[in-house]
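One letter stands for each residue in the lines below.
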Amino acid sequence: MERGEAIVLIGFMGTGKSSIGRHLARRTSLPRYDTDEMVSARYGLRIAEIFVQFGESDFRGAETDALSQIPEQPVIVVTGGGIVLRSENVAILHRLGRIVNLAADEETLFARVSRRAARPLLQTANPRETLSAMLKQREPLYRAAADFTIDTSVLRHDEVADIILRQLQPLRLHFE
Ligand code: S3P
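Residues numbered from 1 in each chain as written. Predicted model: local features only at pLDDT ≥ 70, side-chain atom pairs only at ≥ 80, totals over all residues. Heavy atoms only, no water.

By nearness alone, 13 residues border the ligand, and Lys17, Asp36, Arg60, Gly81 and Arg138 come closest of all. Contact between the ligand and Lys17: an oxygen atom at 2.7 Å from a side-chain N or O atom of the residue. In this structure, an oxygen atom belonging to the ligand sits 3.4 Å away from a main-chain N or O atom of Gly82. For the ligand, whose accessible area on its own is 390 Å², the fraction buried by protein is 95%. Grouping the amino acids of the shell around the ligand by side-chain chemistry returns five nonpolar, three polar and five charged. (Near = heavy atom within 4 Å. Polar contact = N/O pair within 3.5 Å; in protein donor to acceptor, adjacent residues only side chain to side chain. Areas by Shrake-Rupley, 256 points an atom, 1.4 Å probe, with all protein chains shown as cover. Nonpolar A, V, L, I, M, F, W, Y, C, P; charged D, E, K, R; others polar.)

Right, let's get into the sheet that holds strand β3 (residues 76–78). Spatially, β2-β3-β1-β4-β5 is the arrangement adopted by the five strands of the open sheet, whose pairing is parallel. For this open sheet the edge positions go to β2 (32–34) and β5 (148–151), each flanked by a neighbour on one side alone. This sheet shows a mean twist of 25 degrees between the axes of neighbouring strands, independent of strand direction. In the sheet, β2 pairs with β3 via three bridges, with the strands oriented parallel. Bridge assignment links Arg32 to a residue of β3, and that residue is Ile76. Packed on one face of the sheet, helix α2 (residues 35–43) meets β2 and β3 and runs near 65 degrees to β2. (Pairing = 2+ DSSP bridges. Helix = DSSP H or I, 4+ residues; strand = E, 2+ residues; numbered from the N terminus. Axes fitted to C-alpha atoms, helices over the stretch in contact; angles between N-to-C directions. Contact = heavy atoms within 4.5 Å.)

Let's shift gears to the packing of helix α1 (residues 17–28) against helix α8 (residues 157–168). Contact geometry of α1 with α8 gives a least axis separation of 9 Å together with a crossing angle of 60 degrees. Overall, the two elements α1 and α8 adopt an arrangement that is oblique. The crossing of α1 and α8 is right-handed. The segment α1 lies against α8, with Ser19, Ile20, His23, Leu24, Arg27 and Thr28 engaging His157, Asp158, Val160, Ala161, Asp162, Ile164 and Leu165. (Parallel < 35°, antiparallel > 145°, perpendicular 65-115°, else oblique. Left-handed = near helix turned anticlockwise from the far one by under 90°.)

Okay, here's the thing in structure tokens:
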């Protein structure tokens with residue numbers, strides 16, 4: 001399949017996709033597309049409010065619509081943690097470019113996502129168990145979709161951005 005020149009970030013909530021995406025956009029001067037931001041702008045609502053008012057299924061539909069609006073050009077793509085749940089999304093991401101899976105150990109993820117109550121899927125009686133179950137279900141999907149994985153547990157966001165750019169260097173993509 002033809003692969004584009006985008007750098008695509010996938011991974012669980014709390015792996016640093018949004019911040020690392022901003023670093024990459026600054027370092028490469030490429031435009032940044034963040035599917036959560038695109039969906040949020042379309043509804044004029046925060047993600048948590050979209051889940052409450054319209055439900056997860058509508059959110060997932062809007063997420064796929066957002067992906068299909070991203071131009072097939074050298075850009076930075078930041079995705080929501082559930083993007084790998086639909087195989088049609090993964091096919092779009094593959095076409096767009098190289099897919100980087102950002103990972104972190106469970107304790108680190110829980111500590112990071114606990115800092116903000118913005119994640120609707122973790123508003124459960126036992127968020128720790130919910131996170132653990134979701135991670136177990138999704139980890140294989142992230143790994144299968146990705147060209148490579150970076151463990152972000154002990155790295156700063158700028159260090160992760162460095163590693164990504166170094167890994168992609170041999171491909172001589174447009175952004176160098
Ligand atoms: C989701 C992750 C969120 C957001 C929504 C659903 C998920 O994005 O898309 O709350 O299913 O994992 P982040 O990964 O940026 O938190």
